[in-house]
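Architecture at a glance
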Amino acid sequence: MKKINSNIGNCPRTTHSSCTAARNSRSAGSPARAALGKMFAVTVAFTSLLTPAFGQTVSIPDPGLNAAIRDALRKPSGLLTAQDLLSLTNLLARNRSISNLQGLEGARNLVSLDLAGNGIPSFTLLTQLTNLVALNLSGNPLAAGIAFPNGQTKLAFLSLSG
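Cut-offs applied
Residues numbered from 1 in each chain as written. Predicted model: local features only at pLDDT ≥ 70, side-chain atom pairs only at ≥ 80, totals over all residues. Heavy atoms only, no water. Helix = DSSP H or I, 4+ residues; strand = E, 2+ residues; numbered from the N terminus. Buried < 20%, exposed > 50% of the residue type's maximum accessible area, 1.4 Å probe, protein only. Contact = heavy atoms within 4.5 Å. Areas by Shrake-Rupley, 256 points an atom, 1.4 Å probe, with all protein chains shown as cover. Patch = residues over 30% accessible without salt bridge, like charges linked within 9 Å, V, L, I, M, F, W, Y side chains within 5 Å. Salt bridge = Lys/Arg side-chain N within 4 Å of Asp/Glu carboxyl O. Lys, Arg positive; Asp, Glu negative; His and termini not counted. Pairing = 2+ DSSP bridges. Axes fitted to C-alpha atoms, helices over the stretch in contact; angles between N-to-C directions. Core = buried A, V, L, I, M, F, W, Y, C linked by side-chain atoms within 4.5 Å.

Across its full length, the protein carries three helices and six strands. The proportion of buried residues among the 162 residues of the protein is 30%. Within the protein, contacts between residues separated by at least 24 positions form 24% of all contacts whose residues are at least 6 apart in sequence. Taken as a whole, the protein presents about 10100 Å² of accessible surface, with 58% of it coming from carbon and sulfur.

Laid out in structure tokens, this is it:
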């Protein structure tokens, strides 16, 4: 590798060939370095946007709901992630003493949700669970009611008996 001139800053502005070559190579590399730096920054920013969607851990504080989700995922231990919840399409969580649905809003791909026989006082997740086709809330107190979205829903089956 040929060393051009390490004293670029001290080189007088003449037509000296090694100084001119050093200045030209430095200025030619500068836009390429800047473009590479910008590409790296964009890649880091894009990766950080994806990380919350797929790598973020999710808290399911209700023990009965947590156990039902882990059973459905066949994941008895370890952290639950947003990606885990997105992979849920059917959840059978009957008679598990569930009273808190916090964390379930991340399961946006649920098609079927059976929460019969629990202690759920209200259900307001329909706005987040837009793919839900079947919902069974039978045997829950639902004292605070159910909130239905104003927009479109795919819900075709709803059971509220008992």
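So, on to a nonpolar patch on the surface. Residues Phe 148, Leu 158 and Leu 160 make up a contiguous nonpolar surface patch of about 260 Å² in total accessible area. Structurally, the position occupied by Leu 158 is in strand E6 (residues 157-159).

Before going further, it helps to examine the side chain of Arg 70. By the secondary structure assignment, Arg 70 is in helix H2 (residues 63-73). Of the side chains with opposite charge, Asp 84 lies nearest to the buried Arg 70, which makes no salt bridge, at 6.9 Å. Sequence-distant contacts of Arg 70, defined by excluding residues within four places in its chain, comprise Lys 75, Pro 76, Ser 77, Gly 78 and Leu 80.

Residue Ser 97 is not a glycine yet carries a positive backbone phi of 60°. Here Ser 97 shows up in the loop between strand E1 (90-92) and strand E2 (112-114). Judged by relative accessible area, which is 63%, Ser 97 ranks as exposed. A positive phi angle, close to 40°, is found at Leu 142, a residue other than glycine. Exposure remark for Leu 142: the relative accessible area of 16% places this residue in the buried category.

In spatial order, the strands read E1-E2-E4-E6; together these four strands make up an open sheet with parallel pairing. At either end of the open sheet lies a strand with only one pairing partner, and these are E1 and E6. Neighbour-to-neighbour, the strand axes of this sheet turn through a mean angle of 5°, independent of strand direction. Summarising the sheet, strand E4 (residues 134-136) and E6 pair through three bridges and their orientation is parallel. Looking at the pairing, Leu 135 lines up with Leu 158 of E6.

Our next topic: the nonpolar core. Membership of the largest hydrophobic core comes to 26 residues, with the highest contact counts inside it found for Ile 69, Leu 104, Leu 113 and Phe 123. Ignoring any residue separated from it by four or fewer positions in sequence, one finds Leu 104 in contact with Ile 60, Leu 65, Ile 69, Leu 91, Leu 110, Leu 113, Leu 125 and Leu 129.

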